[in-house]
Amino acid sequence: MGPPGFEPGLTGAPGPHPSQARLRPLFLYGVLFLVFMGFVFVVGKGFKFCFVYILLRVFMSSLVYERGGGGEDRSSKLSREDVEVLIEVVKEAERVHPSQEAKRRVFSVRGVLGTSKDRVLTAIYYKIMRMLGIVDKALVRALNLPSVHILDPWLRAALRVACFFLVFNNRDVDPELFSILRGCVAKFLSEKTHPYVGVWYWDAVDKVLRCFRYVPLSEVEELELKYLVPSWLIEKLKIVLEPGEVEEFLRAVNRVPKICVRVNTLKASVEEVERYLRRHGKAVERSRYVSTVLKFHGPFEFERCPLYREGKIVNQDEACALASIILDPRPGETVVDMCAAPGGKTSHMAELMRNTGRIYAFDVDAQRIERMRRNLKRLGVSNVRIIERSCLDAPKILGEEIADKVLLDPPCSSTGTLAKYPEVRWRLRPEKVRELAEMQYRMLETAVRLCRPGGRILYTTCSILPEECEHVVKKILEKYEGIVRLVSLDGPFSPGLIRGTMRAWPHRHDTIGFFYALLEKVRST
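The shown structure was predicted, so the numbers you read here are calculated from the model rather than taken from an experiment.

Draft legend 1. Layout of the overall build of the protein chain. Looking only at helices and strands, the protein chain has 22 helices and 13 strands in total. In the protein chain, which comprises 525 residues, the proportion classed as buried is 54%. Sequence separation of at least 24 residues holds for 73% of the intrachain contacts in the protein chain that already meet a minimum separation of 6. Roughly 23700 Å² of accessible area belongs to the protein chain as shown, and the carbon and sulfur atoms make up 54% of that amount.

What follows is the structure, given as structure tokens:
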């Protein structure tokens, strides 16, 4: 469900409210003005005129600057290096998922992480990622391209950044920033790729993008632009939600989510963590659904927090944390976590088992597995055996019908996490969903083989699409009729499209979108 660490827009310390930033200098200048007015009335008339004139000029120039009228625009504070960092991280986000990890890597290498530029560039980066599909559509129309994906990756990233500023934020582009977006970036691209690429980019920015305006061509495109969610997904929402709820969902996934931390009770109590966070200025609330989850508004830097470094908290959404509680692994049991990395649910199950029994954690992603190893060590988990193999091979490795409990949270479209991972909106294609659903079905078949009679399987996804949720479960129930049964889940979230399944919704429950189906194996296969 994403890495522990920085969340969208949550890095760095909170700055003053913009109104406070304006009022402070105005107040000081006002006080100085009154003091000097009193002084100049004591001295001669010539001095009086000079002092009044100078002070008025200083005061008015400050007023203009602080209001932004005629003063330096925020965007002009972006340097050539800043724009290059944005291009690099947009390019890296195509290769590294989730977007937080791509940002962290580039910002770290470029020396931005934790500096005064961190929050500024983070905010711009996530705006670009939320608009990525619209930006690409604008580039296709403006430059008459069949697809942006025919372009060199560096060129594609540079055009995306330029299009974001020039087409969708053109009011924030002053001549200095435009010069960087055109000339400096063209030179940067020539050095990274080929001189002709830089020349082509220069022409595209100078002759096309600087004067292009994006206009939605249909009602669906208007919704797409308003909520920054692809039109095909909006159509899918109409299948699973009431008509009046569709826009509620779209509004919910465009709000900045609260940070959720799960307390690791192997090392700390909820009260201890709650006291620490309150002492450090966080208005903490306890989850209504999971007693060990605390919620609060960002910003919050996990890696600088002693609670995180000491393994007392885990960055985990409450809908995810509920999964382990529903499966209910008990001390001494044998559990298989089929798609385990980076280990949020794995560590929670180990905690519920009090570090006894055995959890077999399967995954194929080496980087995520390495992160899981670090997480489990930090959290003090000792009953997990990590197996770097596909979970489809688990029956060959472990044997069949060996598990008391099986957790399957497979790779999915992640369409329930649009607020948390903005790139999900545009990364997924409709044709990919069918491929994912077929893989999920094969994995759930494997889970049935691993589970002993009397044992239970929890199937979860962070998807809102029926193809990955109820449809997969329905096929399994039909194939294994009399062998597995559905254990009804009656809360705390909403019923799924199949009676007995359950769904969490961003607009109803203030969580990510999440699906749950609990199966029990009643007899051997």
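Now that the structure is up, let's keep going.
Draft legend 2. Focus on the environment of Val89. For Val89, the position within the fold is in helix α3 (residues 80–95). The buried category is assigned to Val89, whose relative accessible area is 0%. Residues Val89 and Val106, 17 residues apart in the sequence, show an inter-C-alpha distance of 5.8 Å. Those residues in contact with Val89 that sit more than four places away from it in its chain are Ala102, Lys103, Val106 and Tyr125.

Draft legend 3. Focus on the sheet that holds strand β4 (residues 313–315). Pairing is antiparallel in the open sheet, where four strands are placed in the order β2-β3-β1-β4. Either end of the sheet is taken by a strand with one partner, and the two such strands are β2 (285–286) and β4. Note: strand β1 (residues 259–263) against β4, three bridges, orientation antiparallel. Considered in β4, the bridge of Val261 is made with Asn315.

Draft legend 4. View of helix α5 (residues 116–130). For α5, every residue scored as buried is listed here: Asp118, Leu121, Thr122, Ile124, Tyr125, Tyr126, Ile128, Met129 and Arg130. On the buried face of α5, the contacting elements are α3, α4 (99–109), α6 (132–143), α7 (153–168) and α19 (424–427).

Draft legend 5. Quick peek at the pairing of strand β6 (residues 358–362). For β6, the tally of buried residues reaches four of five residues, placing the bulk of the element in the interior. Two strands pair when backbone bridges link them, and strand β5 (residues 334–337) and β6 are joined in this way by four bridges, in the parallel orientation. Residue pairing for β6: Val335 is matched across the bridge by Ile359. Regarding topology, helix α16 (residues 344–352) serves as the crossover connection from β5 to the parallel β6, and that connection is right-handed. As judged from the four bridges shared by β6 and strand β7 (residues 384–387), these two strands associate in the parallel manner. Note that in β7 the partner of Tyr360 across the bridge is Arg385. In this fold, β6 hands off to helix α17 (residues 366–379), which returns the chain to β7; that crossover is right-handed.

Draft legend 6. Geometry of the side chain of Lys405. Within the element layout of this structure, Lys405 appears in strand β8 (residues 403–408). Of the polar contacts made by the side chain of Lys405, one reaches the backbone oxygen of Asp328; its length is 2.7 Å. The contacts of Lys405, once residues within four sequence positions are left out, are Leu327, Asp328, Pro329, Glu333, Thr334, Val335, Val336 and Arg456.

Cut-off values and rules
Residues numbered from 1 in each chain as written. Predicted model: local features only at pLDDT ≥ 70, side-chain atom pairs only at ≥ 80, totals over all residues. Heavy atoms only, no water. Helix = DSSP H or I, 4+ residues; strand = E, 2+ residues; numbered from the N terminus. Buried < 20%, exposed > 50% of the residue type's maximum accessible area, 1.4 Å probe, protein only. Contact = heavy atoms within 4.5 Å. Areas by Shrake-Rupley, 256 points an atom, 1.4 Å probe, with all protein chains shown as cover. Pairing = 2+ DSSP bridges. Right-handed = clockwise from strand over helix to strand, strands pointing away. Polar contact = N/O pair within 3.5 Å; in protein donor to acceptor, adjacent residues only side chain to side chain.

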